[in-house]
Every structure is written in C-alpha cells, then in structure tokens.
Amino acid sequence: DAGVIQSPRHEVTEMGQEVTLRCKPISGHDYLFWYRQTMMRGLELLIYFNNNVPIDDSGMPEDRFSAKMPNASFSTLKIQPSEPRDSAVYFCASSLWFGAGSSYEQYFGPGTRLTVT
Amino acid sequence: AQRVTQPEKLLSVFKGAPVELKCNYSYSGSPELFWYVQYSRQRLQLLLRHISRESIKGFTADLNKGETSFHLKKPFAQEEDSAMYYCALEGPGQNFVFGPGTRLSVLP
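Residues numbered from 1 in each chain as written. Chains lettered and ligands numbered in written order. Predicted model: local features only at pLDDT ≥ 70, side-chain atom pairs only at ≥ 80, totals over all residues. Heavy atoms only, no water.

Student: Looking at this model, I keep getting lost on the pattern of salt bridges. Mind explaining?
Tutor: Opposite charge on two side chains lets them pair, provided their charged atoms get close. Residues and elements named next belong to chain A. In the structure shown here, the tally under the stated rule is 12 salt bridges over all chains. Note that E62 and R85 form a salt bridge whose closest N and O atoms lie 3.2 Å from each other. With E62 in the loop between β6 (53-56) and β7 (65-71) and R85 in the loop between β8 (74-79) and β9 (88-95), this residue pair connects regions lying 23 residues apart in the sequence. Judged by relative accessible area, which is 55%, R85 ranks as exposed. Across the salt bridge formed by R85 and E83, the nearest N and O atoms sit 2.6 Å from each other. By sharing partners, the salt bridges in this structure join E62, R64, E83, R85 and D86 into a single network. (Salt bridge = Lys/Arg side-chain N within 4 Å of Asp/Glu carboxyl O. Helix = DSSP H or I, 4+ residues; strand = E, 2+ residues; numbered from the N terminus. Buried < 20%, exposed > 50% of the residue type's maximum accessible area, 1.4 Å probe, protein only.)

Structure representation (structure tokens):
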C-alpha cells in the first residue's frame, strides 16, 4: 500500500483563485482528517469524515473553505477564493477505528504545500 | 475545551544525554494521548500511544493525570532522534488536538 496519497505536492496560486487539494486515504480506512500546518498555529484539525460523512467541521476557518468526500477513496479540500494567509502545508490523514475502548493510529499523507501570492 | 501545550519550541541535547519533551493537556474527560514524530523529509507518524504503555525506539511516556502531563522521555538520545515531536489528544468522537510541537536536535 502506498499509504495516504495527496496531490498536488506543491501548489502556487494567486490571490483570488480557486484551489483544490486532493486526498486518497488508505483502502479500508473509515476516518479521514484534513489538517493545516503553519508556523504560527502549528497543526490544526480542519474537518474529519467517518464513512464519507463530515462529522466535525468546526476547525474550518471560514466559508471560503469546503471539503467533500464523495466516496471512500477520495476527498477534496477546496479554497475559494484563496488568500495569502491560506499559505500553509495541508495534510490529509486516514485511520481505522476498531471500536469502543480502542485507540487508533492516524496515517498521514506527505502534505500539500500551498503558497498564495 | 481540549488543549495541548508543549512549552519548548526547540530542545537541544548532546548525544547520549537524557531527553524529556514536555506535554501538558487540558481535558475534562479521560484522555487518550499520543506522541507523533516527523523526521526530516518524512511523513508525520505515530511514535507511541499511552494506552499501549509501550516503548518505541527507546522512548516512553507516562500519563500523569494529577499533573495532566504526558512527557516523552528517553534515557540516552541518539542523533537519529532529531525530529519534530507532536503531542496529541483524542477527544470525543475522534476529534484530535495537536500541540504546537517541539523540535529536538541531538548534537554529536
């Protein structure tokens, strides 16, 4: 298994443009997480899905951000319109929950480095 | 609200010296705590979890509920331990909160 796959690895765009980040979780995993990493704020959870359903999007910074998971093998994080302050590394992670009382591991993708000029 | 703090942004130690990376948390329930590590040019990955009470690569971490801490320790640091370390707390519904991270630099 190649692990969690993210694309693109680097994205440079101009302010106001739409940006779409993509993630393919590990096959069989039932949780998918989107994180943003910045020097100032560290690693922040933006949104997570369980069985393709968004569970908690309280970390999404504002309405310009949206995320979808149309099926178990694909998710997108979209920023429209993008702003310079959105520049960060965006990570996707997936995991498999074994049930109540279990503690599970998140598997992270390599991240997408987004630069908005 | 859940919160994880790591007071040191950067920690430098010499090879062979003991190392302790501090982590404190605030959480009203019974916490599930983790340490994640990111080596240079590698993905963020799980190092250890408190529920397993395991030792990975010589690292251990003990949950101290009285002090609300989950410090990461290793008796003899190695150069290959140099990395970014994140303490994380799993809240209700698999809602994760990560600390700001500590960069460990092990000097030769």
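Once you've had a look at it, read on.
Student: Quick question: what am I supposed to make of the side chain of A:Q37 here?
Tutor: Along the polypeptide, A:Q37 turns up in strand β4 (residues 31-38). Take A:Q37: its relative accessible area is 16%, and that puts it in the buried class. Engagement of the side chain of A:Q37 in a polar contact is seen with the side chain of B:Y86, the distance being 2.5 Å. Beyond its immediate chain neighbours, meaning those up to four positions away, A:Q37 contacts A:G42, A:L43, A:A88, A:V89, A:F91, B:Q38 and B:Y86. (Polar contact = N/O pair within 3.5 Å; in protein donor to acceptor, adjacent residues only side chain to side chain. Contact = heavy atoms within 4.5 Å.)

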